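Listed below, chain by chain, are the residues.
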Amino acid sequence: MPKINLSGVEKNYGGNAANAVADLDLEIGDGEFMCLLGPSGCGKTTTLRMIAGLENLSAGEITVGPRVVDSIAQGVFVPPEKRQMGLVFQSYALWPHLTIERNIDFGLRLRNMPPSDREARVTSVMKTLGIEKYRARYPSQLSGGQQQRVALARMLAVNPEVLLLDEPLSNLDAALRLEMRAELKRLHQEFKTTIVFVTHDQWEAMTLATTIAVMSDGRLQQVGTPNDIYDRPANLFVARFVGNPPINIVELGQENSVLSQNANRFLSPHGGELGAASAIALRPEAIRIARQGDDVPAGVLSGGAQVTGILPTGGSWIIELTCGAEKLFLITHQPPDAEVGEAITYWAKPKALHVFDAAGNRLDAADRLLRPERKLNS
Amino acid sequence: MTLEQGATGLDRPARGRLHRLRYRLKIILREPTTIIGVLAAALFAYLIIVPILSLLVDAVQVQFGDERRIKQDVGAFTSYYLERVFSSRISHDMFWEPLRNTLTVAFGAIVLSMLVGGTLAWLLSRSDMFGRRWFATALIVPYMLPAWTFALAWTTLFKNRTVGGQSGWMESLGFTPPDWLSYGQVPVIIILALHYSPFVILLFGNALRRFDSQLEDSARILGASRLTVTRKIILPLMRPALMSAMVLIFAKCLGEFGVPYVLGLPVDFDVLATSLYRNIASRQSGVGAVLAGAIMLIGIITITIDARLMKEARRFVTVGSKGSMNRLSPLGLWRMPATLFAALMFLFSVGLPIATLFLSTVMKVPAQFTFDNFTLDYWIGTDLKTVALTTGILLSPELWNAAWNSLTIVGTASIVSGLLGLLVGYVVARTPVRPLATFLRQVTFLPYLVPGIAFATAYLSLFAVPRGPIPALYGTTLILVLALIADQMPYASRAGISAMMQLGKEPEEAAQVAGAGWLRRMMLIVVPIQKGSLTTGILLPFISGIKGLSLFVVLAVPSTDVLTTYSLRLVDYNYTQAANAVVLIIAALAYFGALLGQKLTRTNLAEGLGS
């Protein structure tokens, strides 16, 4: 299975529009399950389509294994039909005039496979995905989930070296999506295919990917394992985008902000080293509360607040705290030990803090200081 | 060292540009899409733009045969024709009076069809009138019939002694209708209004149906009366649809030839189209070119206004969600009279003309309803005591010849334009060269701006004489086929473009990723998926081509007669029954063609009938 390499890739659609993708360097390893994650319009689908060859480049180069498939400098462009990849579209793009069997069979015919082998291959892929009983039906006679399986089967049938998936689960309902997610993960383990998966759903990315590439405004924000992305967001955008309920962000140095003052008080002993700090962020699950009379551990970030809302989500509780004019959200999996209206103290361990500089980038100095026990990724 | 650096420093951007260019060329030429697009663009430039340019040049060049009168050589620049049309002694009769007539007829038809069509549209879409489903189809039928069907029916009924030949029914019954009722402005207006009110029913009715009742409800809840709601909410929102219907009717009236020709001739009532025809018939090609140019200009202005209105209309789109379920207004006591009104309109616009025409073909003496007066001679008789056409129409070889011509000419043109339309749609949707897509879209739309008769004149101007390797095509079937293809391209390319846009890129891209090259994708994916819209794209132009007259009347010669020109010739020679019979055949072809199309594609073709 090949490695895909994008270097200096850029895409603009002409005119004065901003680049859909700008200066993208990304390496997708052999057998990796790579998720391109980002809000809509961030360029993730464009990136996927450029890998497939459905969009040409405005600058840069793409290689698949040893082969240059797309390069401005070398004037090379390998058309999609010669790239030997599989692509599952968001809309599935099943051919409405062909039966399910013919849909799946299509690529095999193009590869001039003998009929008996074709038959066997189609049957086996259909079995894997549990759609063999729809063989003679037309796409319009299937439900969304079934169509999605057919779209996947159609691509798996030709055993592509690279499988590209463009938000394939977004049109499914929640239960089906979960089921298909498990199936995709199983297929990845079974076929060992390199998969590039585009999604705007962080939950999907977290559960499926071996590596996540977060994009925004056509630019790559961070590449890393799901844990990396969650535990060490490289900038404020990634911090905000990943995590639900969203991360709490406190800007430092705000005169009339209680939260800001609390954070400043906590950071001031490290003044010199953290001089560049401009904002801190706290995951909702990192925040604890202490009722009046309870002990607050020493050396933590803390401050007074009032409980202004408790939202049960079944199994966990989201608690809204109000400090002055600002709000903090925390999530707990224990029944909350406080009541609405109660004045409490919130606190968080230093290692749960994410510190960012004025440009919004993660401050590594803060990690060395606050999370000494963690090994830093190179 | 420094020298070398300087050299590469200069070189790099230049080389970068070269690579970029090479890459782009590779992308563009990778697939035949762009090459096909370029070829199609060249074809349409020749079939559409060149004839129009040639026509415009004719208007300011001395034409063959006019050398002595203008005292200049053929081909020299002259303003003679312009002066002749706009400011000479005959310009009143040739241009200004026909222009005035065209405008009054158009506005008359607009007002009348708005009143009738608007009322019917509301009754059909928003009231609880009886039989709405049936009427919804039945009231569209007039539009499927050739407009001059009504003109012939009208003369059959109201012809008076001003004109020779077989008398009208009224006259036979002892009542002589006055000229103003028999010919000219009044009947032309009434007939065009009847013919185009389906336009209003469709456009206005659709807008009414799509109208979200919640908008109405909100106003009612805030205390507005029904009248206020209509005045302040519904009508303003409907304005774009109404205006658009008006503009389209105007554009259609502008090019309307058959009706004013049949009904205007006896009282010298000329509109621009008939004036143009007269000049062409008397070989005044220079003057004809000026007149055609004038018609074209008015057409272009009108459609430009329409485009503006449509742009505005988009701002008004009221998205039909669940709320767009429209409630029907109970008519109460008016339910029966309203139904009667709709029935009466159907009777006037379909029943009566068809029945009249049919009866006229089976009766010896008009309007004498005795048993011995009925005959099938005009259909299947032999040895009739007439000068020519001594057999019934069905036994006349001319009819079958004309029918064959109609089917082959219109059939070929429709199939070719349908395929070209799909191809244009494909190129427009796919080519990476955007200017090419824009050019194709606009050039194929151009004939829409040019009324058929003016377009035919343009063809005459270009193809009447040999030009370069192309021999003179006048008098051949080829010129008719080519003109018809060009004339149908607006509909065909619009159908193709919208079909390709609706299909989206993805099914094709899926095949591409699966490893299918261009030809395979076309044969296995694109064409099979577009089968339905291709059928429509062929059938619609076929139906409108079968009943079309204005294009053929300029370009056809007796040997290339089609059904419509044949029946017009019969009208000219006063073979009333035969002419009526032919028109009935055309009407039947158009109607059943539309019906068949509806069956095949399971859509309402009437909504797409555009010419």
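The structure we're discussing is the one just above.
Only a predicted model underlies this, so the values are computations on that prediction, with no experimental measurement involved.

A. Local environment of the overall build of chain A. The secondary structure content of chain A amounts to ten helices and 19 strands. In terms of principal-axis extent, the alpha carbons of chain A reach across some 80 × 50 × 40 Å. Of all intrachain contacts in chain A linking residues separated by at least 6 positions in sequence, the fraction that spans at least 24 positions is 65%. Taken as a whole, chain A presents about 16,200 Å² of accessible surface, with 49% of it coming from carbon and sulfur.

B. Inspection of the interface of chain A and chain B at higher detail. Each side of the interface is counted separately: chain A has 31 residues, and chain B has 27 residues. Taken together, the two surfaces of chain A and chain B that pack against each other cover about 2,500 Å², and 62% of this comes from carbon and sulfur. Where chain A meets chain B, there are two salt bridges. Between B:Arg521 and A:Glu81 there is a salt bridge, with the nearest N and O atoms lying 3.9 Å from each other.

C. Inspection of unusual backbone geometry at higher detail. Residues A:Asn244 and A:Pro245 are joined by a peptide bond in cis, for which omega reads 0°. Topologically, A:Pro245 is positioned in the loop between helix 8 (236–241) and strand 12 (248–251). Positive phi is not limited to glycine here, since B:Asp268 has a value of about 55°. Structurally, the position occupied by B:Asp268 is in the loop between helix 14 (258–264) and helix 15 (272–281).

D. Representation of the sheet that holds strand 10 (residues 211–216) of chain A within the structure. All names here are of chain A. The strand order across the open sheet built from six strands is 7-8-9-3-10-11, with neighbouring strands paired in mixed fashion. Strands with a single pairing partner mark the edges of an open sheet, and in this sheet they are strand 7 (85–88) and strand 11 (219–224). Geometrically, the sheet is characterised by an average inter-axis angle of 15° between neighbouring strands, direction not taken into account. As judged from the four bridges shared by strand 7 and strand 8 (residues 162–166), these two strands associate in the parallel manner. For Gly86, the partnering residue across the bridge sits in strand 8 and is Leu163. Lying on the sheet, helix 4 (residues 144–157) is in contact with strand 7 and strand 8; it crosses strand 7 at an angle near 175°.

E. View of the environment of A:Cys42. All names here are of chain A. Structurally, Cys42 is set in the loop between strand 3 (33–37) and helix 1 (44–52). Residue Cys42 is classed as buried on the basis of its relative accessible area, which comes to 1%. On a C-alpha basis, the gap between Cys42 and Gly60 in space is 18 Å, while along the polypeptide they are 18 residues apart. Ignoring sequence-local partners within four residues, the contact set of Cys42 consists of Ala20, Met215, Ser216, Asp217, Gly218 and Arg219.

F. Structural view of helix 13 (residues 226–255) of chain B. The end-to-end C-alpha distance of helix 13 of chain B is 40 Å, a good match for the 44 Å that 30 residues give at a rise of 1.5 Å each. Of all the bends found along helix 13 of chain B, the most pronounced is centred on B:Arg239 and spans about 45°, while B:Pro240, a proline, follows it within four residues.

G. Spatial organisation of the packing of aromatic side chains. For the structure shown, the criterion picks out 23 aromatic pairs over all chains. Both rings, one in A:Phe237 and one in A:Phe241, keep their centres 5.6 Å apart while their planes meet at 10°; by these two values the pair is stacked. Separated by four residues within a single helix, A:Phe237 and A:Phe241 lie in helix 8, roughly one turn from each other. For A:Phe241, a relative accessible area of 18% puts it in the buried group. One aromatic cluster is present, built from ring pairs that chain together B:Tyr46, B:Phe455, B:Tyr459 and B:Phe463. Of note, A:Arg83 hangs over the ring of A:Phe77, and the distance from its end group to the ring centre comes to 5.3 Å. Positioned over the ring face of B:Phe130 is B:Arg335, at 4.0 Å from the centre of the ring.

H. Representation of helix 9 (residues 258–267) of chain A within the structure. All names here are of chain A. Three or more residues of helix 9 are buried, namely Leu259, Ser260, Asn262, Ala263, Phe266 and Leu267. Around the axis of helix 9, the buried residues are gathered within 160° of arc, so they sit on the same side. Between a side-chain oxygen at the N-terminus of helix 9 and the backbone nitrogen of Leu259 the separation is 3.5 Å; the capping residue is Ser257.

I. Layout of the sheet that holds strand 4 (residues 59–64) of chain A. All names here are of chain A. Strand order in this open sheet of five strands is 2-1-4-5-6, and the pairing throughout is antiparallel. Two strands in the sheet have a free side with no partner beyond their single neighbour: strand 2 (21–28) and strand 6 (76–77). Bridge count for strand 1 (residues 4–11) against strand 2 is five bridges, and the pairing is antiparallel. If you follow Lys11 over to strand 2, its bridge partner there is Val21. Contacts from helix 1 reach strand 1, strand 2, strand 4 and strand 5 (67–71), with the element oriented near 120° to strand 1.

J. Expanded view of the side chain of B:Thr356. Residues and elements named next belong to chain B. Within the secondary structure, Thr356 sits in helix 17 (residues 335–361). Residue classification places Thr356 among the buried positions, given a relative accessible area of 2%. Setting aside residues no more than four positions away along its own chain, Thr356 makes contact with Ala153, Thr156, Leu157 and Trp169.

K. How the structure looks around the pairing of strand 10 of chain A. Residues and elements named next belong to chain A. For strand 10, the tally of buried residues reaches six of six residues, placing the bulk of the element in the interior. With burial as the criterion, each face of strand 10 is covered, one bearing Thr211, Ala213 and Met215 and the other bearing Ile212, Val214 and Ser216. Pairing of strand 3 with strand 10 involves four bridges; the strand directions are parallel. Bridge assignment links Met34 to a residue of strand 10, and that residue is Thr211. In the sheet, strand 10 pairs with strand 11 via five bridges, with the strands oriented antiparallel. Paired with Ala213 across the two strands is Val223, which belongs to strand 11. A loop of two residues connects strand 10 with strand 11, the two strands running antiparallel in sequence, and Asp217 in this loop sits at a positive phi of about 50°.

L. Geometry of the environment of B:Ile380. Residue and element names in this part refer to chain B. For Ile380, the location among the structural elements is in helix 18 (residues 377–380). On the accessibility criterion, Ile380 (47% relative accessible area) is partly exposed. A C-alpha to C-alpha distance of 4.2 Å links Ile380 and Gly392, two positions twelve residues apart in sequence. Beyond its immediate sequence surroundings of up to four residues, Ile380 is in contact with Gly392, Leu394 and Leu395.

M. Structural view of the pattern of salt bridges. Residue and element names in this part refer to chain A. Here the structure, examined in full by the defined rule, presents 30 salt bridges over all chains. With its nearest N and O atoms 2.8 Å apart, the salt bridge here joins Glu179 to Arg149. Remark: Arg149 occurs in helix 4 and Glu179 occurs in helix 5 (residues 174–191); sequence separation between them is 30 residues. Using a relative accessible area of 11% as the deciding quantity, one classes Arg149 as buried.

N. Inspection of the pairing of strand 4 of chain A at higher detail. Residues and elements named next belong to chain A. Strand direction decides the pairing type here: strand 1 and strand 4, joined by five bridges, are antiparallel. Along strand 4, the bridge assignment pairs Ser7 with Glu61. Note that strand 4 and strand 5 share four bridges and pair antiparallel. For Thr63, the partnering residue across the bridge sits in strand 5 and is Val68. In this structure, the hairpin formed by strand 4 and strand 5 is closed by a connection of two residues, where Gly65 is found at a positive phi of approximately 60°.

O. Highlighting the packing of helix 19 (residues 397–430) of chain B against helix 22 (residues 477–503) of chain B. Residue and element names in this part refer to chain B. Running from amino to carboxyl end, helix 19 crosses helix 22 at an angle of 40°, the nearest separation of the two axes being 6 Å. When the axes of helix 19 and helix 22 are compared, the pair comes out oblique. Of the two elements, helix 19 crosses helix 22, and the hand of that crossing is right-handed. Tallied by class, residues from the contact of helix 19 with helix 22 come to 19 nonpolar, ten polar and one charged.

Calculation notes
- Residues numbered from 1 in each chain as written.
- Chains lettered and ligands numbered in written order.
- Predicted model: local features only at pLDDT ≥ 70, side-chain atom pairs only at ≥ 80, totals over all residues.
- Heavy atoms only, no water.
- Helix = DSSP H or I, 4+ residues; strand = E, 2+ residues; numbered from the N terminus.
- Contact = heavy atoms within 4.5 Å.
- Areas by Shrake-Rupley, 256 points an atom, 1.4 Å probe, with all protein chains shown as cover.
- Buried area = accessible area lost by both parts, 1.4 Å probe.
- Salt bridge = Lys/Arg side-chain N within 4 Å of Asp/Glu carboxyl O.
- Pairing = 2+ DSSP bridges.
- Axes fitted to C-alpha atoms, helices over the stretch in contact; angles between N-to-C directions.
- Buried < 20%, exposed > 50% of the residue type's maximum accessible area, 1.4 Å probe, protein only.
- Expected span 1.5 Å × (residues − 1).
- Bend = angle between axes of the 7 residues up to and from the residue.
- Phe/Tyr/Trp six-rings, centres within 6.5 Å; stacked < 30°, edge-to-face > 60°.
- Lys NZ or Arg CZ within 6 Å of the ring centre and 35° of its normal.
- Arc of directions from axis to C-beta.
- Polar contact = N/O pair within 3.5 Å; in protein donor to acceptor, adjacent residues only side chain to side chain.
- Parallel < 35°, antiparallel > 145°, perpendicular 65-115°, else oblique.
- Left-handed = near helix turned anticlockwise from the far one by under 90°.
- Nonpolar A, V, L, I, M, F, W, Y, C, P; charged D, E, K, R; others polar.

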